[in-house]
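A structural walkthrough
Listed below, chain by chain, are the residues.
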Amino acid sequence: MAHEEKVSKIMKQGKAGDRLANSQEILSLAASLARLGPWNFNLEKHVFEFNNEFYSIYGTDIAKEGGFMTPEKYLHEFVHPEDITKVKEMIQCMCSFREQEFIGEMEHRIIRRDGATRIIKAISSASKDECGNIIKLYGANQDITERKILEDDIRSNEELVSLAADLARLAPWEYIEGIRRYKFNDSFYAIYGTDVATEGELMAPEVYLKEFVHPDDAAVVKDCYEKANASRQPDYVNQVEHRIIRRDGEVRWIVSRHRTIRDEHGRAIHRFGTNQDITERKLTEEAVRKKTDEIYHLAYTDALTGLANRTRLNECLQEELELAICGMSVGFVLFIDLDDLKTVNDTLGHSYGDILIAETGKRIAENIGNNAIVGRIGGDEFMVIAPGITEKTAIDRIAKNIIWAISQEVRINDNSFHISASAGVSMYPADGQTAEEIFKNADNAMYAAKNSGKNGWRFYDAEMHKTVYEEMLLTNGLRLSIERGELSLNFQPQVTVTRGEVIGFEALLRWNSYEYGSILPSKFIPLAEKKGLIHIIGDWVLREACKFARKLADNGWFTTFVSVNISPLQLISEDFVCKVCSILNETGVKPSQIELEITENALIESHSQSVSRLNELKAMGIRLALDDFGTGYSSLTYLQSLPTTTLKIDKTFVDTILVEGKQREIIKTIIALAHTMGMAVVAEGVEEKGQIEFLEKYHCDFLQGYAICCPVSESEAIRFYQENSRA
Ligand code: C2E
Ligand code: MG
Ligand code: MG
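Residues numbered from 1 in each chain as written. Chains lettered and ligands numbered in written order. Predicted model: local features only at pLDDT ≥ 70, side-chain atom pairs only at ≥ 80, totals over all residues. Heavy atoms only, no water.

**Thoughts on the coordination of the magnesium ion (ligand 3)**
Donor atoms from the polypeptide that bind the magnesium ion (ligand 3) are Asp627 (OD), Asp628 (OD), Glu684 (OE) and Glu684 (OE), placed at 2.0 to 2.4 Å. Donor residues for the magnesium ion (ligand 3), ordered by position in the chain, follow D-D-x55-E. The metal-metal distance between the magnesium ion (ligand 3) and the magnesium ion (ligand 2) comes to 3.9 Å, with Asp627 coordinating both. With Asp627 in strand 25 (residues 623-629) and Glu684 in the loop between strand 27 (680-683) and helix 28 (689-697), this residue pair connects regions lying 57 residues apart in the sequence. On the basis of relative accessible area, Glu684 is assigned to the buried category, the value being 11%. (Donors = N, O, S within 2.8 Å, 3.2 Å for Na, K, Ca; no water. Helix = DSSP H or I, 4+ residues; strand = E, 2+ residues; numbered from the N terminus. Buried < 20%, exposed > 50% of the residue type's maximum accessible area, 1.4 Å probe, protein only.)

**Things to note about the layout of surface pockets**
Roughly 330 Å³ of internal volume is contained in the second largest pocket. Lining the second largest pocket we find 18 residues, and of these Tyr175, Pro205, Tyr225, Asn229 and Arg271 sit closest to its centre. Within the residue set of the lining of the second largest pocket, elements represented by two or more residues are strand 7 (170-176), helix 10 (205-212), helix 11 (218-230), strand 11 (251-262) and strand 12 (268-277). Considering only residue class, the lining of the second largest pocket consists of eight nonpolar, three polar and seven charged. (1 Å grid on protein atoms, 1.4 Å probe; cavity = no way out; pocket = protein on both sides within 12 Å on 5 of 7 lines; lining within 4 Å. Points joined across faces, edges and corners; volume = space filled by probe spheres on them. Nonpolar A, V, L, I, M, F, W, Y, C, P; charged D, E, K, R; others polar.)

**Some words on the coordination of the magnesium ion (ligand 2)**
Protein coordination at the magnesium ion (ligand 2) comes from Glu506 (OE), Asn565 (OD1), Glu597 (OE) and Asp627 (OD), with a distance range of 2.0 to 2.3 Å. Each donor residue of the magnesium ion (ligand 2) belongs to the same chain, with the gaps between them written as E-x58-N-x31-E-x29-D.

**Side note on the pattern of salt bridges**
For the coordinates displayed, the defined rule picks out 56 salt bridges. Here Arg271 and Glu177 are joined by a salt bridge, their closest N and O atoms 2.8 Å apart. One end of the pair, Arg271, is in strand 12; the other, Glu177, is in the loop between strand 7 and strand 8 (181-184), with 94 residues separating them in the sequence. Under the relative-accessibility criterion, Arg271 is labelled buried at 16%. Among the residues examined, Glu177 registers a relative accessible area of 26% and is labelled partly exposed. Here Glu285 makes a salt bridge to Arg281, at a shortest N to O gap of 2.9 Å. In this pair, Glu285 and Arg281 are both assigned in helix 12 (residues 279-300), four residues apart and thus about one turn of the helix distant. With a relative accessible area of 37%, Glu285 lands in the partly exposed category. (Salt bridge = Lys/Arg side-chain N within 4 Å of Asp/Glu carboxyl O.)

**Side note on the sheet that holds strand 7**
Neighbouring strands of a sheet are bound in pairs by backbone hydrogen bonds; such pairs are parallel or else antiparallel. One open sheet accounts for six strands, arranged 9-8-7-12-11-10; its pairing is antiparallel. On the outer flanks of this sheet lie strand 9 (202-203) and strand 10 (235-245), each paired with one strand and no other. Most of the contacts of helix 11 go to strand 10, to which it runs at about 165°, and overall it touches strand 8, strand 10, strand 11 and strand 12. (Pairing = 2+ DSSP bridges. Contact = heavy atoms within 4.5 Å. Axes fitted to C-alpha atoms, helices over the stretch in contact; angles between N-to-C directions.)

**Comments concerning unusual backbone geometry**
Residue Pro429 is bonded to the preceding Tyr428 through a cis peptide linkage, with omega at 5°. You can see Pro429 is positioned in the loop between strand 18 (421-428) and helix 17 (435-451). Positive phi outside glycine occurs at Lys454, with the angle close to 60°. Tracing the backbone through its elements, the reader meets Lys454 in the loop between helix 17 and strand 19 (457-459).

**Some thoughts on helix 27 (residues 661-676)**
In an α-helix, one turn spans 3.6 residues, which is why side chains three or four residues apart end up on the same side. Helix length check: helix 27, at 16 residues, gives a terminal C-alpha distance of 23 Å against a target of 22 Å (1.5 Å per residue), a fit within 8%. When helix 27 is considered as a whole, its buried residues turn out to be Gln663, Ile667, Ile670, Ile671 and Ala674. Summarising the axial view, the buried residues of helix 27 lie within an arc of 95°, below the 170-degree limit, and thus occupy one face. Helix 27 presents Lys662 and Thr676 as exposed residues on the side facing more than 90 degrees away from its buried surface. As for helix 27, its buried residues are in contact with strand 25, strand 26 (646-649), helix 26 (651-654), strand 27 and helix 28. (Expected span 1.5 Å × (residues − 1). Arc of directions from axis to C-beta.)

What follows is the structure, given as structure tokens:
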């Protein structure tokens, strides 16, 4: 039967039962519930008297053990060997106390009859009569094993918590509402490099702020207090990270976590929290942030200009396009490419080129609003992504300013440079649905700007796409033209003005494409230059021209030369002179039979190197002619510095002979001056008899043009020679 049932049964017996017996029975039940075993010490017999309640603690009973036991037997039978001494002392103490009354208490281990070790609390009490004789000695033993285990658990938990708190540098605190003070302990103060003895246990919030919080962080800390004060939440939790200044002056970072508990009226009833030193974490975070920033910077910045790099531009444009597709953004992209930077790099070196690129980047950035992203795609190509602007007049103004700014003088080491740029504009999302499309179309527009004379900008239109596509097809065709045998040379004779005798031929390249038919040099030569094909094509032309010259020589016409047009890009390539030598050797042609035609623009763009190269060629005995004279910007005095032997007056000048008086004067002067400088003069594109008369009158030396002969095939050229030779 359960204890409770027994008790209630006894209580119900009421008057029918013996009250005393009842109360004894209840007591004994209560004792057994509390695992309490009473005992009495029989002073006369010097033995303990134990009952069943007592023995039940020891896993036995009175039947087995008997009603009494000597202290020695008790010690020997039941007390844990390690605790015997202290129990013995207790018994001695109990039997020999001096005071009137004795109450003793001790805990010790026992070993039950079933071998289990238990912990008991032994309480003993004794009293004496007036003469000092002990008259009563009794007590109770209680099994407290479970409580002890629990207590041990709690203690070790507390120790663990405190150890962990210590390790985490976590310090608890409490706010006492009534006196408006914080209550801090030593572990709290340890974070601040001080202790309760120095600071006192209680501290007002204002004092704490003033004494410990870093002045720069006082505002955030106050803000956190105020938020906690203002909140009416029943359980409000908040935290703030801030710096503190320790008593030794060291600045550390802490995180302070607060909790405020309010009653139903919103009154704060309990505020407490923890402060934790997080300096190391903060330092790590800071280092990681710095590293991340550095990595970001490296990954997204162009080292030369400090502007965004290609990756960043791509990502930005991608993001913009995503927004644009959802109708959340519009804008434009400006693709900027420097004109002829290659010439600067090739002639002056890359360090000059780099300075020009960096300066260009700076000027672009200065001429565009903060909203835009400016970056360098690579080489001499830049890009601006400008969200929010789609009005053509506004874009025109921006592009104009940028192109103008780039074209302004740049000074490097006391030298003055002028460089120009071409730009293309595409708008998003109008000109494309993807970042690639927008990018490509701005690029197309930029090429269109380059093709229409450079130093300007163009808006993208669909026609450009077509042009670019066609150009691509044409380039592929051109690439295959040599091996397919689609290239050929025509030869146009140059004759003396006076007697019409052939002195040489200009070799003019023809491309008869399998796909596109006959294509004009004015169309495919610039393309070959742009796509880097001019070198192989130029080599081919030179070799074929030499073969023709060789045929002339083989026919005995040793003095008749073949004139070959040379692109500026050929002239600035380093191995050009070598190449000319080796082709001459290979074909067995004397240098005097070859003339190279250079345009003035080629010379202006890379003056010093080109001039030295021309001098080398001249020294070899090669003839040099300045082609298209009058279409460029060179002055006659500038001509003096050139090693050219022949000057070719451009057709556009010759065309004016019969119409414009002023131009005639200029032509006269050109011829006279060229002669003073020791140069022969060829008039190009002569079509009219009247032109020939004028040119003869003013002592032009040679003529070239339809009036004499169109460019013709090799065999026709030889026939023409035979008919018009000097012999
Ligand atoms: P260019 O060197 O000034 O060549 C003269 C051009 O004028 C040739 O045009 C020729 O056919 C044309 N021409 C000659 N006489 C007359 C005339 O009386 N009336 C008219 N209307 N035209 C005349 P073409 O062959 O179309 O060549 C154009 C340009 O292409 C050349 O101008 C030259 O700059 C370039 N070119 C031609 N062949 C080569 C080449 O092998 N290499 C390089 N780099 N450029 C070349
Ligand atoms: Mg020419
Ligand atoms: Mg010409």
